[in-house]
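If you want the building blocks of each chain, they are given just below.
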Amino acid sequence: MRAAVILPAIMAIGAAGAHGMEVKLPTDAWLGRWIGPAGTILEIGRDGPPFSGRYRLMLVTGGVPGAVTTGLAKLDTIVFRRDGREAVLKERADGCLTIDADVYCRVTDAPR
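Summarised in this report is the structure supplied together with it. Remember, it's a predicted structure, so these values are computed and weren't measured experimentally. (Residues numbered from 1 in each chain as written. Predicted model: local features only at pLDDT ≥ 70, side-chain atom pairs only at ≥ 80, totals over all residues. Heavy atoms only, no water.)

## Overview of the nonpolar core
And step 1. Membership of the largest hydrophobic core comes to 13 residues, with the highest contact counts inside it found for Trp-30, Trp-34, Leu-42, Ile-44, Leu-57, Leu-89 and Ile-99.
And step 2. Contributions of two or more residues to this core are made by strand E2 (41-46), strand E3 (54-61), strand E5 (77-82), strand E6 (85-91) and strand E7 (97-99).
And step 3. For Leu-89, the contacting residues outside a window of four places in its chain are Trp-30, Leu-42, Ile-44, Leu-57, Thr-77, Ile-78, Phe-80, Leu-97, Thr-98 and Ile-99. (Core = buried A, V, L, I, M, F, W, Y, C linked by side-chain atoms within 4.5 Å. Buried < 20%, exposed > 50% of the residue type's maximum accessible area, 1.4 Å probe, protein only. Helix = DSSP H or I, 4+ residues; strand = E, 2+ residues; numbered from the N terminus. Contact = heavy atoms within 4.5 Å.)

Printed below as a string of structure tokens:
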């Protein structure tokens, strides 16, 4: 009889914990503007609710916004399509990001 009372209480606690838990992705720290080769700017934004692992990426070259593409977090990278093929955005040891051989570093005082 006692087990019948305890089991629903444990299930209720587990469900409450699952609803309140949010898992922060390491790639969420990359949101914002990054400066790359020849002044190219990489803008990374959310493409869905927080913690969804979906991102919007856009390259701005010479002040002209390029096409927007969507990427998906895979572990500590963002995978997306670039020039018709799969590309991977990843972090270097110095905190900058890379796409192929291109390096993008954080823009700390970018105009808003």
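## Observations regarding the state of the cysteines
Every disulfide links exactly two cysteines, by a covalent bond between their sulfur atoms.
And step 1. Taken as a whole, this structure holds one disulfide when the rule is applied.
And step 2. The disulfide that involves Cys-96 links it to Cys-105, with 2.0 Å between the sulfurs. Judged by the sign of its S-S torsion, about 100°, the cystine formed by Cys-96 and Cys-105 is right-handed.
And step 3. Taking the relative accessible area as the measure of exposure, Cys-96 reaches 8% and is therefore buried.
And step 4. A relative accessible area of 27% places Cys-105 in the partly exposed class. (Disulfide = S-S within 2.5 Å.)

## Some thoughts on the pairing of E6
And step 1. Inspection of the sheet shows E5 paired to E6 by six bridges, in the antiparallel sense. Of the residues in E6, the one forming a bridge with Ile-78 is Leu-89.
And step 2. A loop of two residues connects E5 with E6, the two strands running antiparallel in sequence, and Asp-83 in this loop sits at a positive phi of about 55°.
And step 3. The pairing of E6 with E7 spans three bridges and is classified as antiparallel. When the bridges of E7 are listed, Lys-90 appears paired with Thr-98.
And step 4. Linking two consecutive strands that pair antiparallel, namely E6 and E7, is a turn of five residues; a positive phi of about 95° is found at Gly-95 within it. (Pairing = 2+ DSSP bridges.)

## Things to note about the pattern of salt bridges
And step 1. Under the defined criterion, the tally for this structure stands at seven salt bridges.
And step 2. Between Arg-85 and Asp-100 there is a salt bridge; the shortest N-O distance is 2.5 Å. Of this pair, Arg-85 sits in strand E6 while Asp-100 sits in the loop between E7 and strand E8 (102-106), and the two are 15 residues apart along the sequence.
And step 3. Its relative accessible area of 45% is what places Asp-100 among the partly exposed residues.
And step 4. The salt bridge involving Arg-92 is made with Asp-94; its shortest N-O contact spans 2.5 Å.
And step 5. With relative accessibility at 35%, the residue Arg-92 sits in the partly exposed group.
And step 6. A residue is classified by how much of its surface remains accessible, and Asp-94, at 48% relative accessible area, is partly exposed. (Salt bridge = Lys/Arg side-chain N within 4 Å of Asp/Glu carboxyl O.)

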